[in-house]
Every structure is written in C-alpha cells, then in structure tokens.
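What follows is each chain in one-letter form.
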Amino acid sequence: MKKTDGKKFSALVLSLMMAGSTVLCSCTKSDSEDKDSAKTETTAATTVTETTTEATTEATTTTEATETTTLSAREASPYEEITLDGVKEHHFIATDYCYIETEKCFIFMEKDIEIPGDFAIVLDAIIVEIENELGISATPDDRNYFDVADMSVHYGFNPWEGWDIGNKIPVFLYVDHEEEGLISNACEDFCILAMWELFSDEFWNSVPSYVERSDARRDYVDYAEVAHEITHTITLRNCYLTDILAEGVADYMGRLVIDALADQYPSIAEVQEDRFLFDYMIPEVVNADNAERIFVEDYHDLSAADRGAEYVYGRYLCQFLEEEYGDDFYRQMNDKIKSKQLEYSSYNYDEAVAAQYAEALKEVFGDDVFTKFGKWCVSNHALQELGGWFPMD
Ligand SMILES: [Zn+2]
C-alpha cells in the first residue's frame, strides 16, 4: 500500500506538471538588453571586483562587465555557499537561503530543505548522462543565458537578485511551507523540485496535515523525477518541443537514466529497486492508421485532470525511435527541429505547427515513421490499454 500511495502522488505530480510549467515558463527575458550591452566591458573586471555593497546592489540595472556582476552579486549575498561531503547518509538541513555550486548547476535552497550528502554528485551525474543519452548539450552555445530567474512568487522576494551563473542550470529546491500543493516543474530557464522527501523531517513532523500523509512520503530521493525535470530544461534549452515530445523524452530519460546509473550510485539503485512502472491512461488505442494523427493532435484537448497520455505516447515513441533508428535518434530529431526553427507553444495549440514536427520526424526517419510506430505499438502491446497499463516486471 505504501508504495502505491507514493506512486499515486508521483502520478499526480507528473500529470499536473504541464499546468505548472504553463505558469512558470515565461521568465527572465526582460534582462536580455542589459546583458547584451554588458558583454563588451570585460576590462573593468579587477576594479569592479572590489566594489562596495552600494555598487553591487545595483547589479541588475548597471552595465558592468558580466563576470564582475556575478562576483559582486554573489559576494554581496548574505546567503551561504554549502559544500556537501558526498556521503549519502550525511544530511544537510538548510536553516536559511543557501546554495551549492556544482560543475553543471546551481542548487538554490531555502529553509527546511534536507538533502543527502551525495545529492549534488548524483544531480551532476544525471545531467551528464542525459547529455550523453540524447547527444545534446545542457549548455548550447547559441543560446542566451540570463540572470537567475526571479522566484519572488514563491519566496516573497528575490534572494538571488542579479546573480549571473553563466550557463549552469538553476535548480530550485522548494519547501511547500504553505501547503499549496507545489509540484516539480521546469522550463528552459530553470528547474524546480518540490518533493516531499526533500522537506526536512523536523518541518514535516511539525505540520499535522503532512504527518497524516507520511505513508506517501518516500524515505529516499526520487531521482527519476529529478531526471524528468532536468531533461525538460536540457531539451528546451536546445529547441521547442510538442507536448508529446517534451513529456515523452522526459519520461523516457526518467527511466533510462536510472537504469544507466544504478550500478554506480547506490542512491539511484534504490530508486530502481523501489520504482513502480506503469503507463498512464490513453483516450484511444494507437495503431498504424492513427499514430500520426494523434501525434499532430498532441492530446491538446485533454483536460488537465486527464493529462498523462502525452507522457506515455511520447515515451514509447522515444523507445521505438531508439530501437528502430539507433542511439543517435534524439540528436538527429533535435537538429532537424532546430534547423527548421519550429516553435511550438502548448498554451496556444496550432495544428499547422504540430504538423511541421511530424514532417520533421518524417524527414529524419522516413515517411513511414508513424505507420511503423503504430505497428510497433500493436506488436509490443504498447498504448493498447485505455485504462492504463501495469506490467508485472
Ligand atoms: Zn514533464
């Protein structure tokens, strides 16, 4: 029972994610002009490094050199940089805003976050694995990187105002202090992890309504969910995707990364051992006749309460493409979508744009890619159960 309840929460998280990212994806674009003009003045670096607090508080509005702004904003910050010792059993509990810089990302924390000592190492390993599996970079050169997104909506103010972290991924760890039902979500600019297992035990046990739901709270970090969200940020930094492609590849990575890294990381092995794999409900069985139409429709008319079909269709599509066309399938698809400059918006469904993604796939994999996928689904018993699918393995 314990396990199933936990997974129900996970399913809810996944199914609500789209709604979450709808609200949160339009961030930080307004800083771009400042940043562009700032790039030229690199010679001012040494002087501005020694700037006073007065100067640094204006970091977001001045046009000082980019690197100096970074140092200044961080130097002026009252919040501590944390280093973990890498030992899973040693937990860090945040008592205030604080952060960790890793090779690949910045982990921004708030009071009552609790993470195991290997969290940063595992997170970086996941990012590297996703890059390797998909054949794309988490830090594409042809992209502009803006200051850390303003999360005042959650924090009530911006603890990281003016922080330039270059091309590293900002990963925010949220505590749901107000019991708002916060969920993990991501966009091209950041990743938010709102996971019960990352709330400190002390905080959890201080809130009666959480205590009542303790059976559904994991005693380990669900790195499959982490991999899912990080995949969103990495893929969307490279190109826009339809909902099926975005959720599909994220779900696909959520499984594949766990399998790939379980041998090396005990924390990931734990997830692999305990996970409960299942398929979401779909509104229509998929076959050779309708696979392309469904891809183009992108389940855009499913109500938020029924979300999930795009995850499972997309995951099987990725599995099929990899089996049929090889390990490089995602990079090829990514490059084609980029070269065609396709811009899908899930908030404003446009059938013509969605059809261009279908064309892109056909150009890469052949005109018969969708009929082949439909046949593959039938012969593999994939996307054949309307009520969802719970394989016994
Ligand atoms: Zn997702």
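Residue indices follow the written sequence of each chain, beginning from 1 at its first position. Residue-level local features of this predicted model are given only where pLDDT is at least 70; pairs of side-chain atoms are given and counted only at 80 or more, and the full residue set underlies all totals for whole chains, interfaces and linings. To obtain the side-chain values, all non-hydrogen atoms of the structure were included, while hydrogens and water were left out.

*Asks:* Would you mind showing me how to read the sheet that holds strand E3 (residues 98–101) here?
*Replies:* Neighbouring strands of a sheet are bound in pairs by backbone hydrogen bonds; such pairs are parallel or else antiparallel. Only strands that DSSP links by at least two bridges are regarded as paired with each other. Secondary structure is summarised from DSSP: a helix means a run of H or I of at least four residues, a strand means a run of E of at least two, and numbering begins at the N terminus for each. As summarised here, the arrangement of the 6 strands in space is E1-E3-E4-E6-E8-E7, forming an open sheet in which the pairing is mixed. Looking along the sheet, the strands with just one partner apiece sit at the ends: strand E1 (80–81) and strand E7 (185–186). The pairing of strand E4 (residues 105–109) with strand E6 (residues 169–173) spans 4 bridges and is parallel. Looking at E6, one finds that phenylalanine 106 is bridged to proline 170. Along the sheet face, helix H6 (residues 119–134) touches E3, E4, E6 and strand E8 (191–193) and points at about 135° away from the line of E4. Note on definitions: a residue-residue contact is assigned when non-hydrogen atoms from the two residues lie within 4.5 Å. Fitted lines through C-alpha atoms serve as axes, helices being fitted only where they are in contact, and the angles separating the N-to-C directions of these axes extend from 0 to 180 degrees.

*Asks:* Explain the confidence of the model for the protein chain to me, please; I cannot follow it from the model alone.
*Replies:* Note: predicted coordinates in regions of low pLDDT should not be interpreted at a detailed level. Values of pLDDT, which run from 0 to 100, indicate the predictor's confidence residue by residue. Across the protein chain, the average pLDDT comes to 85, with 81% of residues at 70 or higher. Below pLDDT 50 for its whole length, residues 1–64 participates in 102 contacts with residues either more than four positions away or in separate chains.

*Asks:* Teacher, can you tell me more about the state of the cysteines here?
*Replies:* Cysteine pairs can be linked by a disulfide, which is a covalent bond between their two sulfur atoms. When two cysteine sulfur atoms are found within 2.5 Å, that pair is recorded as a disulfide. Going through the model one piece at a time under the given rule, you end up with 0 disulfides. Looking at cysteine 191, it has no disulfide partner, and the nearest cysteine sulfur is the one in cysteine 105, 8.9 Å off. Exposure classes here rest on a 1.4 Å probe applied to the protein chains alone. A residue is buried below 20% of its type maximum, exposed above 50%, and partly exposed in between. Given the relative accessible area of 0%, cysteine 191 is considered buried.

*Asks:* For this particular structure, what's the right way to read the coordination of the zinc ion?
*Replies:* Any nitrogen, oxygen or sulfur atom within 2.8 Å of a metal ion counts as a donor, with the limit raised to 3.2 Å for Na, K and Ca, and since water is left out, coordination shells can look unfinished. Summarising the metal site, the zinc ion is bound by the protein donors His228 (NE2), His232 (NE2) and Glu247 (OE), whose distances to it range over 2.0 to 2.1 Å. For the zinc ion, all donor residues lie on one chain, and their spacing in sequence is H-x3-H-x14-E. With histidine 232 in helix H10 (residues 223–238) and glutamate 247 in helix H11 (residues 243–261), the pair connects residues that are 15 residues apart, well separated along the chain. Assessed through its relative accessible area of 3%, glutamate 247 is described here as buried.

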